[in-house]
Amino acid sequence: MDVLFLSTRDLRNSRYVRINNKNLLETRFGTADTLAFCGRLEEVGNTRYGPRLRINDGDSLSVIVGTFNENVRRDAEAIVKKFRESDGDIYLLMYGNPYETDKLYINVNQDNGVIVVDKGTYDKFHDMRKSAQEYLRKKYDDKLPEIRGKEISDGIKDRIIEEDEFSLSNSAIIEFIRNNDEGDGVPIDDIFKFFGNFDREVLEERIFELMEMGYLYEPKSRVLKVIE
Amino acid sequence: MPIEKFLDQATENERFIANGFIVQVYNMVSYYCKRCRKFSDRMCECGNFPEPIFRISGLFSDGTRTYPFITLNERIAEKLSGVNKDNAINLDKKEIMKKPYRIMCYIRNKKLYITDVLDKL
């Protein structure tokens, strides 16, 4: 296991890679299978894949916790409860793994992958992250000049366009609803019609997944809106 | 006096000071059977119940590199965890993982040996 200390903003210039059955994230600071984030908890939710925790470290990051690990799922459920009952700030230290469908996701599936910390630890984590990143950036600038932010971003863009031609992406569904919503939402049948080339079951599953993840809601039966 | 380094900068057997987090805890209590002269489970294959040894192992990272680590003796495990040996068995792994550490250490065979815990960061 290799760990990189990151801020949410660092994900913009990173890309997902899969090598030897491993889900990895390639960043300006190196490549790792485990990513550490630390932020203030600002929203919680439940999905069928596990609790969703949204932290903020300057930017927001949502993670699904415990899809494949009951132990960390229990920890996350306790955090959800604590968040709903508490008025004070809660800070979390999280160890997640990258994976990608149509966009990059961070999933937490290791024991003790979510830990409640105090504000002092939050500050120290980010001090440590910055100094480690400065060191690694210098190291990679010297040794691997090709791994640079802009090039990585372009790489991601190209790949997404390429993938969209062959597969149904979540963002395409969201964009369609957003563009066709005149205020009352978009009937689900319009979505089925527009994406008629795709398997109906797959499409229904995607829509359900987007609702579970908090991207869409159903203001009335069989009508969908994007949660902005 | 050892100098402060990133884990990625350190060379084998060099003593240095590192700052980082324990990102995973594998084990906190080990058992060594003096009769069989080997590490065992809580009950050794020979039927003996060896004395528990407070020894913390896991993964330590400073963001530049991640190493498997082990505390060198029980005093260091006590210092790292803030609990004494008698309470080690009830120690929650998350308690150890929720704060950063400043440690004295060395690397041998790609493993980090913690020889002292300095003031917490």
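Residues numbered from 1 in each chain as written. Chains lettered and ligands numbered in written order. Predicted model: local features only at pLDDT ≥ 70, side-chain atom pairs only at ≥ 80, totals over all residues. Heavy atoms only, no water.

### Structural notes on the overall build of chain A
What counts is decided by this rule: The secondary structure listing takes helices from DSSP runs of H or I that are at least 4 residues long and strands from runs of E that are at least 2 residues long, numbered from the N terminus. A 1.4 Å probe rolled over the protein chains alone gives each residue an accessible area, and that area as a share of the maximum for its type sets the label: buried under 20%, exposed over 50%, partly exposed in between. Areas reported as accessible are Shrake-Rupley estimates using a 1.4 Å probe. Residue values count occlusion only from the protein chains shown.
Counting its regular elements, chain A contains six helices and 13 strands. Within chain A, the proportion of its 228 residues that are buried is 48%. Carbon and sulfur atoms make up 45% of the accessible area of chain A, which amounts to about 11,900 Å² in all.

### Section: the nonpolar core
As a reminder, the rule being used: Each nonpolar core is a collection of buried residues, namely Ala, Val, Leu, Ile, Met, Phe, Trp, Tyr and Cys, held together in the definition by side-chain atoms within 4.5 Å. What makes two residues a contact is simply this: any of their non-hydrogen atoms within 4.5 Å.
By size, the foremost hydrophobic cluster in this structure holds 43 residues, and its most contacted members are Ile-22, Ile-56, Phe-60, Ile-96 and Leu-112 of chain B. Sorting elements by how many residues they give to this core places strand 1 (residues 16-33) of chain B first, with nine residues. Ignoring sequence-local partners within four residues, the contact set of Ile-22 of chain B consists of Tyr-95 of chain A together with Leu-59, Phe-60, Phe-69, Leu-80, Ile-96, Met-97 and Tyr-101 of chain B. Counting 28 residues, the second largest nonpolar core, distinct from the first, contains Leu-61, Ile-79, Leu-92 and Tyr-135 of chain A.

### Concerning the confidence of the model for chain A
Residue and element names in this part refer to chain A. The line we're drawing: pLDDT measures the predictor's confidence residue by residue and takes values from 0 up to 100.
A residue-level look at chain A finds 88% of positions with pLDDT of 70 or above and a mean pLDDT of 84. Looking at the elements of chain A, mean pLDDT is at its lowest for helix 3 (residues 149-164), recorded as 38, and at its highest for strand 10 (residues 114-117), recorded as 97. A low-confidence stretch, residues 144-166 stays under pLDDT 50, and its non-local contacts, those more than four residues away or across chains, total 25 contacts.

### Some words on the interface of chain B and chain A
What counts here: Defined here as a combined quantity, buried area equals the accessible surface (1.4 Å probe) lost by two parts on assembly, summed across both. For this document, the term salt bridge refers to a Lys or Arg side-chain nitrogen within 4 Å of an Asp or Glu carboxyl oxygen. In protein, a polar contact means a hydrogen-donor-capable atom and an acceptor-capable atom, both N or O and within 3.5 Å, with residues adjacent in sequence counting only if both atoms are side-chain atoms; elsewhere, any N or O pair within 3.5 Å suffices.
Every contact between the two is made by 22 residues of chain B and, on the other side, 23 residues of chain A. With both sides pooled, the region where chain B packs onto chain A buries about 1,900 Å², and carbon together with sulfur makes up 64% of that total. Counting the surface chain B buries against chain A, the share from its top three residues, Phe-21, Gly-63 and Lys-94 of chain B, is 27%. Applying the counting criterion to the chain B and chain A interface returns two salt bridges. Residue Lys-94 of chain B pairs with Asp-75 of chain A through a salt bridge whose shortest N-O separation is 3.2 Å. For the pair chain B and chain A, the number of links is six residue pairs in polar contact (both at pLDDT 80 or more). When contributions to the side of chain B that touches chain A are tallied by element, the ones reaching two or more residues are strand 1, strand 3 (52-61) and helix 2 (93-97) of chain B. Of the residues forming the side of chain B that touches chain A, the biggest block, six residues, is contributed by strand 1 of chain B.

### A word on the sheet that holds strand 4 (residues 30-32) of chain A
Residue and element names in this part refer to chain A. The condition that has to hold: The rule for pairing is simple: two strands pair if DSSP sees at least two bridges between them. Here an axis means a line fitted to C-alpha atoms, over the contact stretch when the element is a helix, while the angle between two N-to-C directions is reported on a 0 to 180 degree scale.
Spatial ordering of the open sheet is given by 2-3-4, a layout of three strands whose pairing is antiparallel. Here the strands that pair on one side only, and so sit at the sheet edges, are strand 2 (15-19) and strand 4. For this sheet the average axis-to-axis angle between neighbouring strands, irrespective of direction, equals 30°. Bridging between strand 3 (residues 22-27) and strand 4 involves three bridges; their strand directions are antiparallel. Paired with Leu-25 across the strands is Ala-32, a residue of strand 4.

### Concerning the pattern of salt bridges
All names here are of chain A. A full pass over the atoms with the stated rule returns 25 salt bridges over all chains. The salt bridge involving Asp-10 is made with Arg-129; its shortest N-O contact spans 4.0 Å. On the criterion of sequence distance, the pair formed by Asp-10 in the loop between strand 1 (3-5) and strand 2 and Arg-129 in helix 2 (residues 119-143) is long-range, its members being 119 residues apart. Residue Asp-10 is classed as buried on the basis of its relative accessible area of 9%.

### A short note on the side chain of Asp-57 of chain A
All names here are of chain A. Operational definition: This count recognises Lys and Arg as positive and Asp and Glu as negative, with His and chain-terminal groups excluded.
Here Asp-57 is to be found in the loop between strand 6 (50-56) and strand 7 (60-65). Within the buried core, Asp-57 has no salt-bridge partner, and the shortest N-O distance to an opposite charge, that of Arg-129, equals 5.9 Å. Setting aside chain neighbours within four positions, we find Asp-57 in contact with Leu-6, Ser-7, Thr-8, Cys-38, Gly-39, Tyr-122 and His-126.

### Concerning the packing of aromatic side chains
Residue and element names in this part refer to chain A. Just so we agree on the cut-off: Pairing of aromatic side chains requires ring centres within 6.5 Å, counting the rings of Phe and Tyr and the six-membered ring of Trp. Pairs whose planes differ by under 30 degrees are stacked, by over 60 edge-to-face, and all others tilted.
Scanning the entire structure with this criterion turns up 11 aromatic pairs over all chains. Plain terms: the ring middles of Phe-176 and Phe-195 are 5.7 Å apart, the flat faces sit at 75° to each other, and that makes the pair edge-to-face. Placement of Phe-176 in helix 4 (residues 170-180) and of Phe-195 in the loop between helix 5 (188-194) and helix 6 (200-212) is noted, with a sequence separation of 19 residues between them. The class of Phe-176 is buried, set by a relative accessible area of 11%. Classification of Phe-195 as buried rests on a relative accessible area of 7%.

### Here's the deal with the sheet that holds strand 13 (residues 223-226) of chain A
All names here are of chain A. Read across the sheet, three strands follow the order 11-13-12 without closing on themselves; strand pairing throughout is antiparallel. Taken across any chain shown, the strands that pair with only one partner, and hence form the sheet edges, are strand 11 (186-187) and strand 12 (216-220). Bridge analysis of strand 11 against strand 13 gives two bridges, and the strand direction is antiparallel. When the bridges of strand 13 are listed, Val-186 appears paired with Leu-224. Contacts from helix 4 reach strand 11, strand 12 and strand 13, with the element oriented near 100° to strand 13.

### A look at helix 4 of chain A
The criterion, for reference: Picture the helix axis, draw a direction to every C-beta atom, and the arc is the one those directions span.
Residues of helix 4 of chain A that are buried include every one of Asn-170, Ile-173, Ile-174, Phe-176 and Ile-177 of chain A, and no others. Taken down its axis, helix 4 of chain A places every buried residue within 160° of arc, on the same side.

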